[in-house]
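# Examining the three-dimensional arrangement
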Amino acid sequence: MGDIVQMHFTTVDYVIFALLLVASTGIGLFYAFSGGRQKTTQEFLLADRSMSCLPVSLSLLATFQSAVAILGAPSEIYTHGTQYWFLGCSYFLGLLIPAHIFIPVFYRLRLSSAYQYLELRFNKTVRICGTVTFIFQMVIYMGVVLYAPALALNAVSCSYFGSAVLSHDCIFILCQGGLKAVIWTDVFQTIVMFAGQLAVIVVGTHQAGGIGEVWRRAQNGSRISGLELNPDPLERHTFWTLGVGGIFLMLALYGVNQAQVQRYLSSRTEREAIMSCYVVFPCQQIVLALGCLMGLVMYARYGEDSPLDKGYVQSNDQMVLYFVMDVLRDLPGLPGLFVACLFSGALSTISSAFNSLATVTMEDLIKPHFPTMTEARATLLSKGLALGYGLVCLAMAYIASLMGSVLQAALSIFGMVGGPLLGIFCLGMFFPCANSIGALTGLVAGLVMAFWVGIGSFVARMQTSGLPVPDTTDFPDMGNTTAVVMTTLMTSMSPKPRPTGVQALYSLSYMWYSAHNSATVVVVGLLVSLLTGMSNSLRTVFPVLGTLLFFLPERYREKLCCVTPLENKVRKILQQILQVFYIPDCSRGFIFNSSPQILAGLCYAYLL
């Protein structure tokens, strides 16, 4: 492997890195002082619902393609092999379902916050609980995302705290430009991310002797994994855990997460919002492939002689950066491009999160209590909220830099909260019989189960290993969010007998966490609704309970679904009318220029 690589920037690297920050900041300033100058909450939080498909899709991709993911996917492949690549199988349904179920609901209701749906379907208490859960999730996650690129930049230049402050300053300016600035900056930064990763892969492959040699070394080192069909949910990575469990992780991210929903809602039409989901599918596959290829190139260069094992670096995250500096040390400027790639991922993720946090706080927690607030005051407060969340996340980044265990605990919390939030939306959309008491009880039960299993698993692993909590672990890229979950839950362990009882629950693969926790919410919510008086809500999209109970007589299905025979017939007639006469124009709401279309509009309102 040669001598220890000196991880320091040259002047050219600093220039390239600075150009990235200047360009990103310039986009934020441009939208802050152009157009409507972000004087309304509609413009600041939803880009005036004027965005087209391509920038929205690239922003969807960049929102959770953080520095943690860029650093983590190659480390995962280097350490465990290419089994993780099968996660790409989950992307199809993980994006198709949001496109045709979640997006139409949120867009047609003309919502600003995804959690407004919870009030429409249940009540205000459920909405507030969902909002608070989301805020808790994102604040902790943002602190970690802010710390990750600071850790990388610290390895080649200044202190991590100065790096975090620098990131925060840029993100603050981006947030002042509103969602439109965030989306267009995401487009620019996505290009930078692709360029940085491609540069490392191309140069590293050339130095290794070509892609054929890279593949041969990976095969000899047992890093090329076959199709593992073991159905055991305790296995870390199999086709089922990645291809099926990954669907629920994708649904939690692309279906109900406010940062993504806000991008759908910024689209000009519902059709463009749906198309953005389709466009992001091949982009996700490319991102996954690039991360996996970089991991293979790393293995071709170092084999089993890991820079981490030799003491050249202190963490798996820094091992990737060491590899980059090693490969590109004779090419001034390219190391700066890759670190710019890391910061692009972080800036995209954090600026998107700050904007979504400001949105849910304003729409769900402040506006309901101050309905007479002027647009100017609301917009100013939204900008202040974005800055305030930035300061909180900066504090979290500082804490994470001092205590590695806090970093791991924070990352595990992010993975544990997404499932219950997915569960409560599924409960409302798919089951007409669910009531507000069941929804609230289900959410609490899902969160309790998530923290019990997640924290119990972490503690059990530490007790079994008898080792202190490691500072950092490697994580792959879920095509975004999984990268975060993986960090906390997976450490290298020696083989041991199959666990039983509660230990088996603690050993559940992290890829099943979202499915397990969302199922807990749905099951508990339905049982409590049954005991407390089932609802009769038609504010659902796909009431699946009747389909699941296909083997029962129709009268029993109607009773369990809380739909009387008359209501069932009326619903079918109204749906037929809607299909014949309803003409949506989602850029301006709904157009009804004839009596049949007015009737169709009333039918639509009734069905929701």
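Residues numbered from 1 in each chain as written. Predicted model: local features only at pLDDT ≥ 70, side-chain atom pairs only at ≥ 80, totals over all residues. Heavy atoms only, no water.

With an unreviewed UniProt entry as reference, the protein is termed Sodium-dependent multivitamin transporter, source organism Astyanax mexicanus. What UniProt states about the protein under its Subunit (unreviewed entry) heading is, verbatim, "Interacts with PDZD11." As its UniProt record puts it under Subcellular location (unreviewed entry), the protein is described as follows: "Apical cell membrane". (UniProt positions renumbered as here; feature names shortened; annotations may be inferred.)

With that settled, the discussion passes to the overall build of the protein. Summing up its helical and strand segments, the protein has 26 helices and zero strands in all. The buried share of the protein, taken over its 608 residues, is 59%. Carbon and sulfur atoms make up 67% of the accessible area of the protein, which amounts to about 23100 Å² in all. (Helix = DSSP H or I, 4+ residues; strand = E, 2+ residues; numbered from the N terminus. Buried < 20%, exposed > 50% of the residue type's maximum accessible area, 1.4 Å probe, protein only. Areas by Shrake-Rupley, 256 points an atom, 1.4 Å probe, with all protein chains shown as cover.)

Another point: a nonpolar patch on the surface. On the surface, a cluster of nonpolar side chains totalling about 290 Å² of accessible area is made up of L227, L229 and W240. Checked against the element boundaries, W240 lands in helix α11 (residues 239-243). (Patch = residues over 30% accessible without salt bridge, like charges linked within 9 Å, V, L, I, M, F, W, Y side chains within 5 Å. Salt bridge = Lys/Arg side-chain N within 4 Å of Asp/Glu carboxyl O.)

Note that N435 resides in the loop between α18 (404-430) and α19 (436-465). Excluding residues that lie within four positions of it along the chain, N435 makes contacts with F122, S529, T532, G533 and S535. (Contact = heavy atoms within 4.5 Å.)

Here the focus is the environment of V297. On the secondary structure map, V297 appears in helix α14 (residues 270-302). Owing to a relative accessible area of 2%, V297 belongs among the buried residues under this scheme. Sequence-wise, V297 and V214 are 83 residues apart; in three dimensions their C-alpha atoms are separated by 6.0 Å. In this structure, V297 is in contact with I201, G204, T205, V214 and F323, ignoring residues within four places of it in sequence.

When a protein is soluble and globular, its nonpolar side chains tend to lie buried together. In terms of nonpolar packing, the biggest core is built from 131 residues, with F102, F106, M142, F323, F338, F425 and M429 touching the most fellow members. Those residues in contact with F106 that sit more than four places away from it in its chain are L111, A114, Y117, G255, V261, L265, F425 and M429. Membership of the second largest hydrophobic core comes to seven residues, among which are V453, L508, W512 and A515. (Core = buried A, V, L, I, M, F, W, Y, C linked by side-chain atoms within 4.5 Å.)

Turning our eyes to something else, we now look at the confidence of the model for the protein. If pLDDT is low for a region, its predicted coordinates should not be looked at in detail. Model confidence for the protein is summarised by a mean pLDDT of 75, while 71% of its residues fall at 70 or above. For the protein, the element scoring lowest by mean pLDDT is helix α20 (residues 482-489), at 41; helix α22 (residues 513-532) scores highest, at 91. Confidence drops under pLDDT 50 across residues 403-411; counting only partners more than four residues distant or on other chains, this segment forms 25 contacts. Per-residue pLDDT stays below 50 along residues 582-608; that stretch engages in 46 contacts with residues further than four places along the chain or on separate chains. (pLDDT = per-residue confidence, 0-100.)

This part covers the pattern of salt bridges. Counted according to the given criterion, the structure contains ten salt bridges. Among the salt bridges present, the one from E119 reaches R127, with a minimum N-O distance of 2.4 Å. Taking relative accessible area as the criterion, R127 reaches 7% and is therefore assigned buried. A salt bridge links R301 to D326; the nearest nitrogen and oxygen atoms lie 3.0 Å apart. Residue R301 is found in helix α14, and its partner D326 is found in helix α15 (residues 316-327); the two are separated by 25 residues along the sequence. The buried category is assigned to D326, whose relative accessible area is 2%.

Following the sequence through the fold, V144 ends up in helix α7 (residues 124-156). Judged by its relative accessible area of 4%, V144 is buried.

A few words now on unusual backbone geometry. Of note, the phi angle at R110 is positive, near 55°, even though the residue is not glycine. Residue R110 is classed as partly exposed on the basis of its relative accessible area, which comes to 31%. Look at S222: it is not a glycine, yet its phi comes out positive at around 60°. Residue placement: S222 occurs in the loop between α10 (211-220) and α11.

Given two aromatic rings, one states the distance between the centres and the angle between the planes to describe the pair. As enumerated under the stated definition, the model contains eleven aromatic pairs in all. Note on F86 and F239: the rings are 6.5 Å apart at their centroids and 80° apart in plane angle, and the pair reads as edge-to-face. Here F86, found in the loop between α4 (67-80) and α5 (91-108), pairs with F239, found in helix α11; they are 153 residues apart in sequence, far enough to count as distant. F239 gets classed as partly exposed once you look at its relative accessible area, which sits at 22%. Considering the side-chain rings of Y115 and F425, the 5.7 Å spacing of their centres and the 55° angle between planes classify their relative orientation as tilted. Placement of the pair is Y115 in the loop between α5 and α6 (116-121) and F425 in helix α18, with a sequence separation of 310 residues. Aromatic ring contacts, followed pair by pair, group F106, Y115, Y117, F134 and F425 into a single cluster. (Phe/Tyr/Trp six-rings, centres within 6.5 Å; stacked < 30°, edge-to-face > 60°.)

A few words now on helix α12 (residues 245-254). Buried residues dominate α12, accounting for nine of its ten residues. What α12 keeps buried is the set G245, G246, I247, L249, M250, L251, A252, L253 and Y254.

Note on placement: Q116 falls in helix α6. Of the residues examined, Q116 reaches a relative accessible area of 18% and is grouped as buried. Among the polar contacts listed, one links the side chain of Q116 to the backbone nitrogen of S112, at a separation of 2.7 Å. When near neighbours in sequence (up to four residues on either side) are disregarded, Q116 contacts L111, R127, E363 and D364. (Polar contact = N/O pair within 3.5 Å; in protein donor to acceptor, adjacent residues only side chain to side chain.)

Looking now at the environment of L46. Its place among the elements puts L46 in helix α2 (residues 41-46). Sequence-wise, L46 and G178 are 132 residues apart; in three dimensions their C-alpha atoms are separated by 8.0 Å. For L46, the residues in contact, after removing those within four places along its chain, are T41, L111, S112, L179, Q262, L265 and S266.

Right, let's get into the state of the cysteines. In total, this model carries zero disulfides according to the counting rule given. Here C283 is not cross-linked by a disulfide; its sulfur's nearest cysteine counterpart is in C53, at 9.7 Å. (Disulfide = S-S within 2.5 Å.)

Helix-helix packing: each pair is described by the crossing angle between the helix axes and the interaxial distance. Packing of α5 against α14 brings their axes to within 9 Å, and their N-to-C directions diverge by 155°. For the element pair α5 / α14, the angle class is roughly antiparallel. α5 and α14 meet at a crossing whose hand is right-handed. Every residue of α14 that contacts α5 at Y91, F92, L95, L96, P98, A99, H100, I103, P104, Y107 and R108 is listed here: E270, A273, I274, C277, Y278, V280, F281, Q284, Q285 and L288. In terms of residue class, the contact of α5 with α14 is built from 16 nonpolar, three polar and two charged. (Axes fitted to C-alpha atoms, helices over the stretch in contact; angles between N-to-C directions. Parallel < 35°, antiparallel > 145°, perpendicular 65-115°, else oblique. Left-handed = near helix turned anticlockwise from the far one by under 90°. Nonpolar A, V, L, I, M, F, W, Y, C, P; charged D, E, K, R; others polar.)

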